[in-house]
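A structural walkthrough
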Amino acid sequence: RTMGAQVNAAELLQQALSSNIIPNQEFLLQGSILDSAAENLLHRLRGLCDNVDASPETFSDIEMCFSLKLPTEKTPVMTVRVRRAQDVEAPLQLRYIGQPELGDRTRPTLVRSSLDIACTPHVIDFLTEMGFRLDFEYSTKGYMFRKGRMKITVSKILKNMTEPISQSYLVELSVLAPKGQDAIAEDMRIFAEQLKPLVQLEKIDYKRFAQMP
């Protein structure tokens, strides 16, 4: 694990971004709902989403966040996530998420670059050898719905795999699409309106949280 390997990893990422080798964009809206109201939201989603006659798909995952820092830098030059399913046999998922795009403030959703890769369990050893360090990990357990290209998740965030960190569920509405398909953001806004007043899905400004003391 050398500084050269760390620098090389950072340089490769920058080359990928500048060459548009990361083709997908994630359009995202987020919100939360108290435990006491979650059943009402699930009922509404069953009526609005595809396959209304079937039970919603459930999931239970562990997500690990790794960061790569250079000795000369205080902030990470790269952050990636590794997701492992706990309830089904599936490959691990390595995910890179870019910074939210700066653009029109009236854009209905947050937009950021996204790349997902199916991997073997050896990906954790690979990241460690590249110089990445585990920052934190947590578990998520909940329900997933589909509406066309849109994915809606209602999930509980847990620590130590069993303890909820709050008395609420995280609600996320997202779409992965190639660059240039900004019209999907308006479809997401319209769908989010149908979930009011149960949940308010918003474009979260992450920079605001970074500036908090």
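These remarks concern the structure in this document. (Residues numbered from 1 in each chain as written. Predicted model: local features only at pLDDT ≥ 70, side-chain atom pairs only at ≥ 80, totals over all residues. Heavy atoms only, no water.)

Focus on the overall build of the protein chain
- Looking only at helices and strands, the protein chain features five helices and nine strands.
- In the protein chain, the order of α-helices and β-strands from amino to carboxyl end is α-β-α-β-β-β-β-α-β-β-β-β-α-α.
- Burial status across the protein chain gives 37% buried among its 213 residues.
- Long-range pairs, those at least 24 residues apart, make up 68% of the contacts in the protein chain between residues at least 6 apart in sequence.
- Here the protein chain displays about 12,800 Å² of accessible surface, and carbon together with sulfur accounts for 52% of that area. (Helix = DSSP H or I, 4+ residues; strand = E, 2+ residues; numbered from the N terminus. Buried < 20%, exposed > 50% of the residue type's maximum accessible area, 1.4 Å probe, protein only. Contact = heavy atoms within 4.5 Å. Areas by Shrake-Rupley, 256 points an atom, 1.4 Å probe, with all protein chains shown as cover.)

Notes on the packing of aromatic side chains
- Summed over all chains, the structure comprises one aromatic pair.
- Across the ring face of Tyr169, the terminal group of Lys156 is positioned such that the distance to the ring centre comes to 4.8 Å. (Phe/Tyr/Trp six-rings, centres within 6.5 Å; stacked < 30°, edge-to-face > 60°. Lys NZ or Arg CZ within 6 Å of the ring centre and 35° of its normal.)

Describing helix 4 (residues 184-193)
- Regarding helix 4, the residues found buried are Ile184, Ala185, Met188, Phe191 and Ala192. Looking straight down helix 4, one finds its buried side chains confined to an arc of 120°; they lie on one side.
- Against strand 1 (24-34), helix 2 (35-48), strand 6 (133-147), strand 7 (150-159) and strand 9 (168-178) lie the buried residues of helix 4. (Arc of directions from axis to C-beta.)

Some words on the pattern of salt bridges
- According to the stated counting rule, one finds ten salt bridges in the structure shown.
- As a salt-bridge pair, Arg189 and Glu186 come within 2.6 Å of each other at their nearest N and O atoms. Placement of both Arg189 and Glu186 in helix 4 is noted, with a separation of three residues, approximately one turn of the helix.
- According to the relative accessible area criterion, Arg189 is partly exposed, its value standing at 33%.
- You can call Glu186 partly exposed: its relative accessible area is 33%.
- The network of salt bridges with common partners includes Glu26, Arg95, Arg112 and Asp116. (Salt bridge = Lys/Arg side-chain N within 4 Å of Asp/Glu carboxyl O.)

As for the environment of Ser114
- Relative to the helices and strands, Ser114 resides in strand 5 (residues 110-119).
- For the pair Ser114 and Pro178, spaced 64 residues apart in the sequence, the C-alpha separation amounts to 9.9 Å.
- Polar side-chain contacts of Ser114 include one of 3.5 Å to the side chain of Asp116. (Polar contact = N/O pair within 3.5 Å; in protein donor to acceptor, adjacent residues only side chain to side chain.)

Comments concerning the nonpolar core
- Of all hydrophobic cores here, the largest spans 26 residues; its most connected members are Leu41, Leu45, Leu173, Met188, Phe191 and Leu201.
- Residues contacting Phe191, with those up to four places away along its chain left out, are Leu45, Leu48, Cys49, Lys147, Met150, Ile152 and Leu173.
- Val80, Val82, Leu94 and Val123 belong to the second largest nonpolar core, which has 14 residues in total. (Core = buried A, V, L, I, M, F, W, Y, C linked by side-chain atoms within 4.5 Å.)

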